[in-house]
Structures are given as structure tokens and as C-alpha cells.
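Topology and contacts: notes
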Amino acid sequence: MATTTNTMASFLTATQRYAAGALFALALHQAQINRSRPLGLFPDDEPPSDDRTSSSSGGSDSVADDPDLWVHEISGLLRPVFRFLGIESVAWSGLEETAGSSPAKHHVGAFLRLLAEEENGENSDQELALSRAVDAMARSMEKTLEVSESKKEKRREYENEWREKCSTAEVQSNMDAAGIKSEVQKSTDENNLAIEDGLDGSGSKVDEKPIEEVVLGYQRKVTVLYELLTACLADTHADNKKCTRKRKGYDARHRVTLRLLATWLDVQWIKMEAIETMVACSAMALAEKKEESNEEPQSSKSKWAKWKRGGIIGAAALTGGTLMAITGGLAAPAIAAGLSALAPTLGTLIPVIGASGFAAAASAAGTVAGSVAVAASFGAAGAGLTGSKMARRTGSVDEFEFRVVGENHNQGRLAVEIMVSGFVFNEEDFVRPWEVQSDNLERYALQWESKNLIAVSTAIQDWLTSRISMELMKQGAMLTVLSTLVAALAWPATLLAATDFIDSTWTIAVDRSDKAGRLLAEVLLKGFHGNRPVTLVGYSLGARVIFKCLQFLAETEKNAELVERVVLLGAPIPIKDENWGAARKMVAGRFVNAYSTNDWTLGVAFRASLLTQGLAGIQPIDVPGIENVDVTDLIEGHSSYLWATQQILELLELDTYYPVFRGTKCIQ
Amino acid sequence: MESSSNQGEFDYLFKLLMIGDSGVGKSSLLLSFTSDTFEHLSPTIGVDFKVKYVNIGGKKLKLAIWDTAGQERFRTLTSSYYRGAQGIIMVYDVTRRDTFTNLSEIWAKEIELYSTNQDCIKMLVGNKVDKESDRVVTKKEGINFARECGCLFIECSAKTRVNVQQCFEELVLKILDTPSLLAEGSRGVRKNIFKERPPQSDASTSGCC
């Protein structure tokens, strides 16, 4: 495209880009607010909020006075996007202030209208082509998801295996516990209600936005999201040394913002994921093409050289095989296909949108992405994560390896998911609980300390099936709801004595999980995953690994650049003595604590003095911004997490911006 | 009121809004007020924002001034900025009659429609009095219109800086005179949502289930 290097090629007019930038700014600020007060979870401050929040949000005298704000210049989140969009710098402070000083809902409607109003006749063809390509891409991604239907079968198998193997004791107890359960139910009902309210609240909140009065075409929406994503990835920040954002690439906070924006625009998230893949693939293909043909000698070449040198890819380059990961894995088919250089999957879509339509789409996609060098941070991940057996180096952890799960690798996916098991009986249990899940992330399972974990899990399981615990169960000791035990400190002496032998293995495992957490934090900090937003999911001690990882991140990181979402299930983490606030701060989007009030396996293992501090796996955590989800009804015992995790994740609908737990709806 | 605060020393924060047709000199007026300079500016895009600390009536004040684009295409944005403003400055160009008539036909109606503040102080400003020879709107007309819609009135020039300081000063004095507006602007009202726990969360502590 015959554009100068500084101005991007855009399908939007200057005014539309201004509006898009404004909406992005509003969403960015809203996302930061929602981190400590999730959408709808505080319905009580909704009605009067109009004036109250307008005077309170952002601190607020003015955005410029509050460097902690994401919309503040120093965060490095907003201005690069403005710059990429070509919004004149005189307008920046006005936008920042607008976003930071009053509730988003006051302005969203106006900016949407501004976005919709202007016609851009000549570009509408390209908008159309782009949106078609996105649709096609999304369809192909959906198709791969459907395939995984058959996997559900697999999960059922796995579940059954497990029920046979280890649920005997637990199931029995739970059946007997039915009576007591109703008591639990009462307290959890309140909780469910809170979440329900949240749902309704958020629903109405979205409706509130006067979107319907604006006829903002679907194609325009897609174009806006496409250009905003490109802007997020673009290598246009520079100059500001004070900037607190440390790395280039896809910031987790940006992804959360785009997620909210897609919600406002009523664009399905899978469309956004399709856009991500297209931007990634076309950007990399273009970069590679320029390199090969040497057509545009200067800027692009040096950018690519910089990229290769590892300045951008960072430490991943040191692991070797990086370039192979890029050229061999991701971009090669794309390059071969020339301009139709989108994802390999797109190649099969030509019949759908027609060859010429495809060419148009490809060039439309490439125009924006290629006009500014994308600070490509992805692609290296495959080699980066699976290749990093860091344990040997540190010595304190015997095993720490990433295993590939799912089929989304080297497909230009711009987000990563790392899943950590914590209660395992053989090596397969590190991977199998995660195999079924269907989302569009590039997924890895962390295999760590299998020897110790298997030892502790087996010890616990043995004890559960031992005579003494059976005896206890009959007496009803185990049937008492755990949290009342916690509150009363009334542990039966027999119970305490009986678990002595679990303690030694448990203590080792806990210690290792803390160390594994540090390793995981190091992996993320070094960008082995390619500076893409990470979603962390873990159960049992795996949840503890994740929590510790967040804590270690908090030691050096000021902000949630790396981690997008976190789900902890049945987490053996005390509530009182740990800094949950700091951990929460490391997560840009949703932070879920799934607990089961009946998980006394966890209680027994964890027990003793620690229980006075509360326990995340069996109780809600009272920290702003943490979604507590009661999964008691889905969990028969601690080992249920092995096969129930996927179901819980599905109910959580992680791809939804606001807190969701579908289970509550079903129960009631 | 005089709570010791570490951040920016001021007693009151007032939000002011500038409206009026494109090219009447809103941004120039603001620039002239905040930095005592005058230059030819390109049309404002969307909204601009400036802060100015002043001492008026023995009080330290922080003025947050929103300067909106007059261009038609941005009109849709302006509506959301009326909310919470304690003062609204309506600017016209004394050498262009349409900018004056538009104030009553368009802008005054917008205020009525969108302003959330009953007591909000309005000020009518005739700009560009340095071009006396080109003047088409007389001072008398301005005064009459101001009386009609119950607002303050001043004529000024952003270029020569005549009456610029006075314009903002009079507006602010009037705000200081209005108890309800004063209460809104006091520091006590505002707080930082990111540094405070939401009120609800204290209700339940961890052992509740």
C-alpha cells in the first residue's frame, strides 16, 4: 500500500478513528474499575452512581494526577493505541480525561453514534471483505470446536474411571450428608443470589447503553475491533521512559479491554478470536515476505532484524528453535500462499467467500496489520514453553515441564492457557483433565513434581478408604460441614491423629508447589510464552502453584500485563495470611475462586492451625474483585476436580467479560 | 473543608464547560486563560481538557475546564459533558451573527436538555472584540439575551486578552456564591474508588458459610 510509514492504512475516517480510540479508552478504564468491582456485583451502587461515581471515580481530580490509572499516560496502554490510530495528539488528554473522570455509560452512546454516523463510501467494500473473512475464520474455528464434541465422550469415560477408582469413600459420605447439605444450601443460596444479581445487573447494564438507537453496522464494528487490536500489537510506543509497561506484545489488560468492547458492540467473542488469528498471521506473513524479497529495504527490514535478534521475542530466542517456530510452524504455509497469507485454515474457505472475495479480504486484513510493524511476540511460544525444562537449572524442583494440549498450536493464537493439576495419581492426570475443554486458546498443561504429587494424592486416597476414616464417617464426624469445623476449631481428636502420616508427604508437596509457582512466574516474566495474555487454571495444589506464581509476579511487577484470567479450584491456600489483594492485582480480567464447602479431603490435608486462617478451597474469599463460586453440588470430593474441572469451566463461561456461573441458574 | 491533603492543594474543584459554534474561539479563549498565549489553533477534535489552579475570593480553586468541539459532526459528543458541570460558558463571535443566534436556537436548548445541574451558572461570552470594525452583534443584544436566559455576560478578546481573566473570575465567584454548587465542589465529596474497599464487602467475613 502506498502509505507513508507514519500514517497507518485505515478503513476508517479520522473521526471514526477518534471515536474508536475513545471507546477503547472508556473500555480500558471500565475494565480497571471492574477488576475490583466486577460488573453487576455491586448492584447497590448502581442507581445513585450517576453523580456519586462521577465525582468519585478516578480519584478524581483529574486523570493526570493519578498514575495508577490504566488510562494514564504512564501506563503505556492508551497513547500507543492513539498514536497508531493517527489521532492527533492534542486530543489525547481530552480522551484520557473523559475516560477516567466519569462513568463510561455516560459517553459510550455518544461515541458509538459518532462512529456510526460518518459514511466512508470507498472503504465499505473493504469493510465488507474484512468482516466476511472474519466470519469465515470464526466459522472454521467453530468447526474445530464441534469436532471436540466427540471428546465429551472421552471425558465421560475419564469421569467414570475416576468414580470407580476413588470416589467410594467420598460418595458415601456425601450421600449421607444430604441432610446437612440443605443447611449448607441456605448459605450458598445467598451466594448464588449474589451472582445471579450480578448477572442480571450486568445484563441490564449492557442493555442500558443506548446501542439500539445507533445503527452501527456489523462490518464497521469488525473493522473497528480489527484496527484496535492491531493498534494494541503495534510497535508504536517508544519515547516514554517513565512508562510502567515493561514489555511489548499483547498486554493482558488490552485483551480484557477488547473483550469488554466486543461486549458493548455485541460482537461474539469468537469473532474477536478470529480477528486475533488473522492479525497474527497476516502480520507475520507480511513481515516475513518483506524480509525475503527485500522489497522495502529500510524500516521493515530493520524491524524484522530486530525481531530476529530477539529484542522483541526476548529470552525465547535463546532457547533456540525459535526461528523455526516462527518460520517453520506458523508462517510458512502462509508465506507459500502469498497474499492469501492468513491462517492455514483460511485456505479452505475460498469456496465460501469466493476467490476474489478472498483476495480482497486478505489484502484488507494485511493492509492494516502490515502498515506498522507489529511487535510480534507470539509464535515463539511453542518452542519456548515446551522447551523450557527449567527445573534442572534451579534444582529445587525435580520436574517442571509444559505439555501440549489441544490442537491450537502454531495457529497464530494470540492467547495462551496454562493448566495445572494438583491432585494426581499418574502422569496422565496432568493432561487428561484438560483434554476435553474447547476454547480457542493455545493450551499447555504443566507437569510438575509428579512423584511428590502422586505420593500425597495416594496417601490421602488410601487414608480415605482406610478403616479408620470409614469408621469416622459412620460416626458422622466427616459429615459435619467443613466450614463449621473451621469456625469452631472443633476437630475430632481421632481425625487429627489419623492424618499424621499424610502430613509428611503433604508438607513436601506444598513446599514444592510454592517453588513451582516461582518457576512459573519466571517463565512468564521471561516471556517464554511469547508475551501473550495468559489464562491460568489449576485445581488443588495446582491452584496453589498459580497463586504463588501471582505472588511472585507481584514482587517485581506493578501491573497486570501478563495474566488475563485466573481460575482456582479447590485451592489449599489460607485466606488470612496471604496477600490476596496483591495476587488479584496481577490479573487483568476475571479471578475466580471455586470452592466446595464439603471438600473435607482438602480440610483434612490442610487442617490444624492453618484452618484458623480460613481456606480458599472451601470458603469464599472476601477480596474485592474475586468471583467466588460455590461448586459444592458438582464436587463429590476433592478428587472430583480431576474430572469435574472441565464442567465447572464450561459453567464459568470464561470468555464472557462479566462474572458468570451458569450452574447457579440451573440449580435454582 | 480544610482537610489537609497531600495531593494538589485546593479547597474546591469546579467543572466548567465551554460550548458554542465552531470557530468562535473557545479553545483560544481557554488557551489565553490557562497560559496567557494566543495562537491560531486548528479546530478542536472531540473534546479538550485543561486544568487551571486559581485563587479567587480567598479560596484555592482547581478548575477542570472542558472545551468541546463546535463542529457539527462532534455535536453528538457534547451532550454527555454537561453532566455535573457547575459552570457553562457559551461563546459566540461578535463578528458572526449566526454564532450568536445559534446560541439561543441550539446551544441554550442543549443546556436545558442535558445539564443535570439545576443551579449551574451560565455565562454568555462575546469573543473577538478586538475586531471592533467587523462587529455585527452589539453589546446591547448580548446583554438582552443574557438577561433573557438568566446568565452572566461579558465581552472579551482571546487575542488581546481583554477581559479573559475576568470572564472566568466572574463565573467562579458566582459559583462560590451558590451553596449547592459549593457543596458539590468540595473535596470531601470525592474519593478514590481504587483505594477504597467497596462498601458492601465489609458485610460478610470469611467464616460465613
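For clarity, every value in this text was computed on a predicted model and none was experimentally measured. (Residues numbered from 1 in each chain as written. Chains lettered and ligands numbered in written order. Predicted model: local features only at pLDDT ≥ 70, side-chain atom pairs only at ≥ 80, totals over all residues. Heavy atoms only, no water.)

1. Considering the overall build of chain B
In terms of regular secondary structure, chain B is built from six helices and six strands. In chain B, the succession of helices and strands from N to C terminus is β-α-β-β-α-β-α-β-α-β-α-α. Relative to its 209 residues, chain B shows a buried fraction of 54%. Sequence-distant contacts in chain B: of pairs separated by 6 or more residues, those separated by 24 or more amount to 75%. As displayed, chain B offers around 9,500 Å² of accessible surface, 49% of which is attributable to carbon and sulfur atoms. (Helix = DSSP H or I, 4+ residues; strand = E, 2+ residues; numbered from the N terminus. Buried < 20%, exposed > 50% of the residue type's maximum accessible area, 1.4 Å probe, protein only. Contact = heavy atoms within 4.5 Å. Areas by Shrake-Rupley, 256 points an atom, 1.4 Å probe, with all protein chains shown as cover.)

2. Brief notes about the overall build of chain A
A count of helices and strands for chain A gives 29 helices and seven strands. Taken across its 668 residues, chain A has 63% of its residues classed as buried. Nonlocal contacts in chain A, meaning residues at least 24 apart in sequence, comprise 83% of its contacts between residues at least 6 apart. For chain A, the exposed surface amounts to about 22,900 Å²; the carbon and sulfur share of it is 53%.

3. Observations concerning the sheet that holds strand β5 (residues 563-569) of chain A
Residues and elements named next belong to chain A. Judged by pairing direction, the sheet is mixed, and its seven strands sit side by side in the order β1-β3-β2-β4-β5-β6-β7 without closing on themselves. Strand pairing shows two members of the sheet lacking a second neighbour, β1 (400-405) and β7 (627-630), which therefore form its edges. Pairs of neighbouring strands in the sheet enclose a mean axial angle of 20°, with direction left out of account. Sheet topology note: the strand β6 (residues 591-595)/β7 ladder contains four bridges and is parallel. Note that in β7 the partner of A594 across the bridge is V629. Those strands touched by helix α25 (residues 541-556) are β2 (416-420), β3 (442-448), β4 (534-539), β5 and β6, and its axis lies near 140° from that of β4. (Pairing = 2+ DSSP bridges. Axes fitted to C-alpha atoms, helices over the stretch in contact; angles between N-to-C directions.)

4. A short note on the pattern of salt bridges
Charged atoms that come close allow side chains of opposite charge to pair. Residues and elements named next belong to chain A. Evaluated as defined, the whole model comprises 26 salt bridges over all chains. The partner of D655 in a salt bridge is R259, with the nearest N and O atoms 3.3 Å apart. Of the two residues, D655 sits in the loop between α28 (641-652) and α29 (662-667) while R259 sits in helix α11 (residues 252-265), which places them 396 residues apart along the sequence. By relative accessible area, D655 is classed as partly exposed at 30%. Among the residues examined, R259 registers a relative accessible area of 3% and is labelled buried. The closest approach of N and O atoms between R403 and E428, which form a salt bridge, is 3.7 Å. Of this pair, R403 sits in strand β1 while E428 sits in the loop between β2 and α19 (432-435), and the two are 25 residues apart along the sequence. For R403, a relative accessible area of 24% translates into the label partly exposed. Under the relative-accessibility criterion, E428 is labelled partly exposed at 38%. Through salt bridges that share partners, R255, R259, E273, E276, E564, R565 and D655 make up one connected network. (Salt bridge = Lys/Arg side-chain N within 4 Å of Asp/Glu carboxyl O.)

5. A word on the pairing of strand β5 (residues 121-127) of chain B
All names here are of chain B. Counted residue by residue, β5 has six buried out of seven residues, so it is predominantly covered. Taken together, the seven bridges between strand β4 (residues 87-93) and β5 define a ladder with parallel strand orientation. The residue bridging I89 from the neighbouring strand is M123, located in β5. A crossover connection joins β4 to the parallel β5 through helix α3 (residues 97-114); in handedness this β-α-β unit is right-handed. Read from β5 through helix α4 (residues 139-148) to strand β6 (residues 152-155), the crossover connection turns out right-handed. (Right-handed = clockwise from strand over helix to strand, strands pointing away.)

That's the geometry; what it means functionally is another story.
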